[in-house]
There are 4 protein chains.
Amino acid sequence: MYSFKNDYSEGAHPSVLEKLAITNFQQENGYGEDTYSRAAKDKLRAEMQNDEAVIHFVSGGTQTNLLVISYLLRPHEAVISAQTGHIYANETGAIEATGHRIIPVLSTNGKVTPEAIEEVLNAHYLRPHVVKPKLVYISNSTEIGSIYTREELQALYHLCEARQLFLFLDGARLGHALTATESNLTLADVAKYTHVFYIGGTKNGALLGEAIVFRRQDIAQDFDYSLKQKGALLAKGRILGIQFDQLFTDNLYYHLARHANEMAMQIASHMRQLGCDFLTVPTTNQLFPILPKVVIDALSESYAFYIWSNIDEQHDAIRIITSWATQQSTVSQFNKDFTRIYENYLPIR
Amino acid sequence: MYSFKNDYSEGAHPSVLEKLAITNFQQENGYGEDTYSRAAKDKLRAEMQNDEAVIHFVSGGTQTNLLVISYLLRPHEAVISAQTGHIYANETGAIEATGHRIIPVLSTNGKVTPEAIEEVLNAHYLRPHVVKPKLVYISNSTEIGSIYTREELQALYHLCEARQLFLFLDGARLGHALTATESNLTLADVAKYTHVFYIGGTKNGALLGEAIVFRRQDIAQDFDYSLKQKGALLAKGRILGIQFDQLFTDNLYYHLARHANEMAMQIASHMRQLGCDFLTVPTTNQLFPILPKVVIDALSESYAFYIWSNIDEQHDAIRIITSWATQQSTVSQFNKDFTRIYENYLPIR
Amino acid sequence: MYSFKNDYSEGAHPSVLEKLAITNFQQENGYGEDTYSRAAKDKLRAEMQNDEAVIHFVSGGTQTNLLVISYLLRPHEAVISAQTGHIYANETGAIEATGHRIIPVLSTNGKVTPEAIEEVLNAHYLRPHVVKPKLVYISNSTEIGSIYTREELQALYHLCEARQLFLFLDGARLGHALTATESNLTLADVAKYTHVFYIGGTKNGALLGEAIVFRRQDIAQDFDYSLKQKGALLAKGRILGIQFDQLFTDNLYYHLARHANEMAMQIASHMRQLGCDFLTVPTTNQLFPILPKVVIDALSESYAFYIWSNIDEQHDAIRIITSWATQQSTVSQFNKDFTRIYENYLPIR
Amino acid sequence: MYSFKNDYSEGAHPSVLEKLAITNFQQENGYGEDTYSRAAKDKLRAEMQNDEAVIHFVSGGTQTNLLVISYLLRPHEAVISAQTGHIYANETGAIEATGHRIIPVLSTNGKVTPEAIEEVLNAHYLRPHVVKPKLVYISNSTEIGSIYTREELQALYHLCEARQLFLFLDGARLGHALTATESNLTLADVAKYTHVFYIGGTKNGALLGEAIVFRRQDIAQDFDYSLKQKGALLAKGRILGIQFDQLFTDNLYYHLARHANEMAMQIASHMRQLGCDFLTVPTTNQLFPILPKVVIDALSESYAFYIWSNIDEQHDAIRIITSWATQQSTVSQFNKDFTRIYENYLPIR
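Definitions and limits used
Residues numbered from 1 in each chain as written. Chains lettered and ligands numbered in written order. Predicted model: local features only at pLDDT ≥ 70, side-chain atom pairs only at ≥ 80, totals over all residues. Heavy atoms only, no water. Contact = heavy atoms within 4.5 Å. Buried area = accessible area lost by both parts, 1.4 Å probe. Salt bridge = Lys/Arg side-chain N within 4 Å of Asp/Glu carboxyl O. Polar contact = N/O pair within 3.5 Å; in protein donor to acceptor, adjacent residues only side chain to side chain. Pairing = 2+ DSSP bridges. Helix = DSSP H or I, 4+ residues; strand = E, 2+ residues; numbered from the N terminus. Axes fitted to C-alpha atoms, helices over the stretch in contact; angles between N-to-C directions. Buried < 20%, exposed > 50% of the residue type's maximum accessible area, 1.4 Å probe, protein only. Least-squares fit on C-alpha atoms with pLDDT ≥ 70 in both. Nonpolar A, V, L, I, M, F, W, Y, C, P; charged D, E, K, R; others polar. UniProt positions renumbered as here; feature names shortened; annotations may be inferred. Phe/Tyr/Trp six-rings, centres within 6.5 Å; stacked < 30°, edge-to-face > 60°. Lys NZ or Arg CZ within 6 Å of the ring centre and 35° of its normal.

**Some details on the interface of chain C and chain D**
Each partner contributes to the interface: chain C provides 48 residues, whereas chain D provides 48 residues. Summed over both partners, the interface of chain C with chain D comes to about 3,900 Å²; 56% of that surface belongs to carbon and sulfur atoms. On inspection of chain C and its partner chain D, the count reaches 0 salt bridges. For the interface between chain C and chain D, the tally reads 24 residue pairs in polar contact (both at pLDDT 80 or more).

Structure, rendered in structure tokens:
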């Protein structure tokens, strides 16, 4: 049984583990003041062409989201997010638990548009009886696999600047977004067209770890207090620094993400050739094929994945996720198995 | 330059890293539902002789403290802690940030007594104009190296039961407490005489990780929601499970802590023979020798440590911490160096 | 210029002021322990036929909503409310500020249905990645003037009991709901078919004040602490007790609400006779007539009211609110003025 | 039985009630936008000689304290207060409930000194492991009846300015402080030497109400959102505006406070003549005489008051509070009764 349920089923890229082992007995300062965290931050700042960027490493995505949002907002300020946004859909009210409303906007492709933001702003005029929208939360790639173009990100950023909003990009799967064939974005672009974003490690080769990046010192000033107060400051900060140092050596981070995307594209194009439809356009390492339930049943004897949503009486959409750890041989075997199952089913149709 | 600044200067015990490497490509469920987390919990439940114990692994101590306390308390309820307690002294108001007052009690040895608790309860009678004390927070070993005896823990627990308080034990250095020569406590005792406690991994051989233990399901019922909501539920929960599984195989956890204590005791008895005093009785891996400032200056050319407090014009107390990673050869060298420096200084006195 | 903007444009019913004056120099205990608060609670308990009801008086509606909800919920629990519910639409994120998500449900008539609740429960199965719906918030009368029937309230209550949810009824305009011609509910019914509700004083004859009613002591146990902690415990609790004592003497509360409804109905039936439509069926003291913009412009020279929503290029819906203080002569004059303006406009149509 | 338990045992000064009655049927805007609130603010700004002051009226003191502090502080920032400060001693953790630690400083006279503040700042250097002290909370008059001189307030303000702290003065009994014989402070001084303070109405002639004053718009910018979000924005804001308008007409506020002080001073000097000691120097309307328990028992047959603290086996300190409503005849009778009881007791001594 092979699992396509998510991109965190395995441990870390072997070179990451190796780096942890090699450095293991070196004594280092705690709380992120170690040699490796500093080195990793320097590499990231160079790559994003922003010397002023303030970077902190933390252990997970929900933690990152609640840290950043609760740090940037005053009590009466609110977040705008797609209804499918992770903070709205899957984080147990983590943002509201810090005191802030999330204002959901409907979106068919997982993305937030300038128009949707304007609409929210217009609907919240009745001061002081309504919350004050102050931060726009987007994910790239999104929770349903789509990506933002450079132009889309620029447009959002300019609107946010004009309306005094923060733009925060959740990069749990940023590697997959940046290395998608359709993407015209670089890490430097993301750093340029957001106020704060994070680079996801957990889903792209690290044991754990996310790198939070603020564009300037003045909006990150007391963030170290928040890290400690919310329980996010690891005593052995080195283990995050070492991993990011390794991931951003020789472009490993991009190689791993590109590989995950390629594995997904092989599956997607194979399915397409057989005539399958998709809930959202296959772009990154998350696929949402719409399949007959009998096919799904047969597939699930050898492969694990999530049923994503019901389409009609005979069809469901499933979610298939590939990762840095998905092997070519597994994908080839899957495609073979899929052909067999799918064609078996055809006559019934 | 060797650092005695803390017990988290190195990575993890090599066997822990090895276990991470061996299991690396095994696909596992996320969020703590993996094979290794389950196995580690079974081992811990067996060792603490409590089948009903509810166990969760998280990444750090401050995180643990705020999770447990905010989960157990209603908004108007408060915590009783020694003024030296980590939650009061060194966690950036993490508990207050979840809405709860900490009521500090003075203590010369870092421990909380039944009398101190009674005094707090008596002082908080003027309902509803005062907070309602509801949880007693203690650390074992304490922040200044002392430990609780079995009888002391029993007395606290019985008082808490009688007065409907929760007893929560912070075990960031629980291994060091349990393996101290003077200790008559076992893990099973701790499980029996607290409502909730945690077993610290970060300071005793893990890369990161603490095991939270609730004595019964009924007080831990919805704690999984809290884990997720507060950003503490790691996607790759396996990395915590694997480490605890390894630490509780062949008593590794105890071996490591006992070693740290022995290294400290060698330093302490050597200092004592030379006539040094200590701020608190050397008991576990934290030592607080009172030394002439000139000795401290000389020592600090070869060793790193914290100045803990000022004693008088000519003396300070320093903090020396040993760990599982402190080698015998290092301690022997330190003792030699210390003799030389200290005796050099004597004539001046 | 006469204002129909809301039902809190005047002070208090004269007999309420008189009672405050008569009792002014009597010394009374503070914090709600006065003679009048106790007397008012006894009257209310008798009227709602529930000796066990726990009653507290506070100063406003938003305060009540945040007090009750934050008291009843654990951190990971959420509220279900109509999208038009006051807590979702007009209270500046007061509930989220206490840490809880509000899950909005669409509703055309301002009411929440059992089906809508079931749908929310079904959508929140993925524990612990989603919040746990735990409380249903409804308003009677609703924010758009509609009311719940006895059968509707029973159905909601039974569902809540079955699914372990709290049912909380916002009664800012409860008097207007209970005295509506179409209503078959009594105060005793409301007390029987909710877990907690409040009786609005501010909008029905008091200077300020709302009476919070919990059905049983066991769900209200430590609520006094919450009152004090959230700044809602008035030193001179007497001023709330005296007002409720007076409002529930000789059915004044109902007389005032019925009068407000009657004034509204006179306006509504007059408009209807002239052919006007309404956004929602006129039922209580809030009317939402749909009028030509030219009529609205002409009306607004003599009367103040809110534009509620845009209907089409030529029409808006406005909100007209009557109250205990609206005089018959004012309504008669308004109807005359309306006829004149409306008929003037007709030829243009 | 006459009560000296507090200064909120009666209703409001008759002229305040009269003003409420006279204006009762005038239609006014809600939420503090009424004629009277505006007029009262203008009067206050004129009197405090600060045109830029931002003023809001709310219903109570605990509410004020939590509103102001939670508005001004970021999550990791803390409050410095005397251990006897109302927010630390008697408000059920209201400040911690908004997420902020209160750092208590010992004080024998209820006042905070610059030295105590410096000491707290020095103790909180270990960023980011400790909270960041950011606001100094003082009360005038204090909870034990003492007052700040102009020079003391200036010194605190200049220190706060130098160390980037906010100075917040709780004026629940500000009238009594300003009209004390020993006071050399004016309202304009208070406005000049604090960042924010409040003028207590509840304890000096109003039914309820406190006036919050921020020295400048830039530190009060979004405070209106906080008012609404925390449930403090009364629909009928007029009732607060009308009362403050009346209290600050013809110096009523000062007359009432001065009267309360005079009544207290008559009692104090009478007791002194008989040889009684006091826990704190009688200065305002709160007296803390130290009396033999037998005297206290005898007094308590005719007068109600609180036992404040135990002094020795035979003596307690009691608290006696006078108010604007305490009549000369009552005080004269009390002094007579006291002489009789006290002298009766003397032979036993």
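What follows continues from the structure just given.
**Observations regarding the sheet that holds strand β4 (residues 102-105) of chain B**
All names here are of chain B. Read across the sheet, 7 strands follow the order β2-β8-β7-β6-β5-β3-β4 without closing on themselves; strand pairing throughout is mixed. Every other strand in the sheet has two partners, leaving β2 (54-58) and β4 as the edge strands with one partner each. In this sheet, neighbouring strand axes are inclined to one another by 20° on average, regardless of whether the strands run parallel or antiparallel. Pairing geometry for strand β3 (residues 77-82) and β4, over 4 bridges, is parallel. The partner of Ala82 across the bridge, within β4, is Val105. Packing of helix α6 (residues 150-162) onto the sheet brings it into contact with β5 (132-139) and β6 (166-170), and relative to β6 it is tilted by some 145°.

**Overview of the pattern of salt bridges**
Under the counting rule described, the total for this entry stands at 52 salt bridges over all chains. Between Asp7 of chain A and Arg173 of chain A there is a salt bridge; the shortest N-O distance is 2.7 Å. With Asp7 of chain A in the loop between β1 (2-3) and α1 (14-22) and Arg173 of chain A in the loop between β6 (166-170) and α7 (174-178), this pair connects stretches of sequence that are 166 residues apart. When its relative accessible area of 1% is taken as the criterion, Asp7 of chain A is described as buried. Between Lys111 of chain C and Glu152 of chain C there is a salt bridge, and its shortest N-O distance comes to 2.9 Å. Here the residue Lys111 of chain C occupies a position in the loop between β4 (102-105) and α5 (114-123), and Glu152 of chain C occupies one in helix α6 (residues 150-162), the gap between them amounting to 41 residues. Members of the salt-bridge network, linked through shared partners, are Arg127 and Lys132 of chain A together with Asp222 and Asp224 of chain D.

**What about the relation of the copies chain C and chain D?**
To go from the first copy of the chain to the second, apply a rotation about an axis and then a shift along the same axis. For the match of chain C to chain D, the screw axis carries a shift of 0.0 Å, the RMSD comes to 0.1 Å, and the turn is 180°. Both copies are brought into coincidence by an operation consistent with a two-fold rotation axis. Interface residue correspondence from chain C to chain D reaches 100%, placing this contact among same-surface, isologous pairings.

**Let's talk about the interface of chain C and chain A**
Contact residues are listed per partner, giving 19 residues for chain C and 20 residues for chain A. Summed over both partners, the interface of chain C with chain A comes to about 1,400 Å²; 44% of that surface belongs to carbon and sulfur atoms. By the criterion of area lost to chain A, the three top residues of chain C are Thr92, Glu96 and Arg101 of chain C, representing 40% of everything that side buries. Here chain C and chain A share 2 salt bridges between them. Of the charged contacts in the structure, one is a salt bridge between Glu96 of chain A and Arg101 of chain C, with a shortest N-O distance of 2.6 Å. In this structure, the connection of chain C to chain A is made through 12 residue pairs in polar contact (both at pLDDT 80 or more). Contributing elements (two or more residues each) for the side of chain C that touches chain A: α4 (86-89) and β4 of chain C. Tallied by class, the residues present in the side of chain C that touches chain A amount to 10 nonpolar, 6 polar and 3 charged.

**Some thoughts on unusual backbone geometry**
The omega angle of the peptide bond from Asn140 of chain A to Ser141 of chain A is -10°, so this bond is cis rather than trans. Positive phi, close to 60°, is recorded for Asn251 of chain C, a residue that is not glycine. Residue placement: Asn251 of chain C occurs in the loop between α10 (238-247) and α11 (252-273).

**Comments concerning the UniProt feature "domain: Aromatic amino acid beta-eliminating lyase/threonine aldolase" (unreviewed entry) in chain A**
With numbering aligned to this structure, UniProt lists the feature "domain: Aromatic amino acid beta-eliminating lyase/threonine aldolase" (unreviewed entry) at residues 26-288 of chain A. Annotated as residues 26-288 of chain A, this span is 39% helix and 16% strand, and its ends, taken at the C-alpha atoms, are 45 Å apart.

**Some details on the sheet that holds strand β8 (residues 210-214) of chain C**
All names here are of chain C. Here we have 7 strands laid out as an open sheet, ordered β2-β8-β7-β6-β5-β3-β4, and mixed in their pairing. Among the strands making up the open sheet, the edge pair consists of β2 (54-58) and β4. For this sheet, the mean angle separating the axes of adjacent strands, direction not counted, is 20°. Contacts between helix α2 (residues 35-47) and the sheet are confined to β2, β7 (196-200) and β8, with β2 contributing the most and set at about 130° to the helix.

**Structural notes on the relation of the copies chain C and chain A**
Of the two same-sequence chains, chain C is brought onto chain A (RMSD 0.0 Å, axial shift 0.0 Å) by a rotation of 180°. Here 100% of the interface residues in chain C have copies in chain A that are interface residues too; the copies meet face to matching face.

**As for helix α10 (residues 238-247) of chain A**
Residues and elements named next belong to chain A. Within α10, 10 of the 10 residues are buried, leaving the element largely enclosed by the surrounding structure. The set of residues buried in α10 consists of Arg238, Ile239, Leu240, Gly241, Ile242, Gln243, Phe244, Asp245, Gln246 and Leu247. The inward-facing, buried residues of α10 contact α1, α2 (35-47), β2 (54-58), β7 (196-200), β8 (210-214) and α11 (252-273).

**Points about the side chain of His76 of chain A**
Tracing the sequence through the fold places His76 of chain A in the loop between α3 (61-72) and β3 (77-82). Residue His76 of chain A is classed as buried on the basis of its relative accessible area, which comes to 0%. Here the side chain of His76 of chain A touches Asp222 of chain D through a polar contact of 2.7 Å, side chain to side chain. Filtering out sequence-adjacent residues up to four positions away, His76 of chain A remains in contact with Val131 and Lys132 of chain A, Thr92 of chain C together with Asp222, Tyr225 and Gln229 of chain D.

**So, the packing of aromatic side chains**
The tally for this structure, following the rule as stated, stands at 80 aromatic pairs over all chains. Measuring from ring centre to ring centre gives 6.1 Å for Tyr71 of chain B and Phe214 of chain B, while their planes differ by 80°; the resulting arrangement is edge-to-face. Of this pair, Tyr71 of chain B sits in helix α3 (residues 61-72) while Phe214 of chain B is found in strand β8 (residues 210-214), placing the two residues 143 residues apart along the sequence. You can call Tyr71 of chain B buried: its relative accessible area is 5%. Both rings, one in Tyr137 of chain C and one in Phe168 of chain C, keep their centres 5.8 Å apart while their planes meet at 70°; by these two values the pair is edge-to-face. Placement of Tyr137 of chain C in strand β5 (residues 132-139) and of Phe168 of chain C in strand β6 (residues 166-170) is noted, with a sequence separation of 31 residues between them. Within the aromatic cluster, the residues linked to one another by ring pairs are Tyr2, Phe4, Tyr303, Phe334, Phe338, Tyr342 and Tyr345 of chain A. The side chain of Arg74 of chain B reaches across the aromatic face of Tyr71 of chain C, ending 4.9 Å from its centre.

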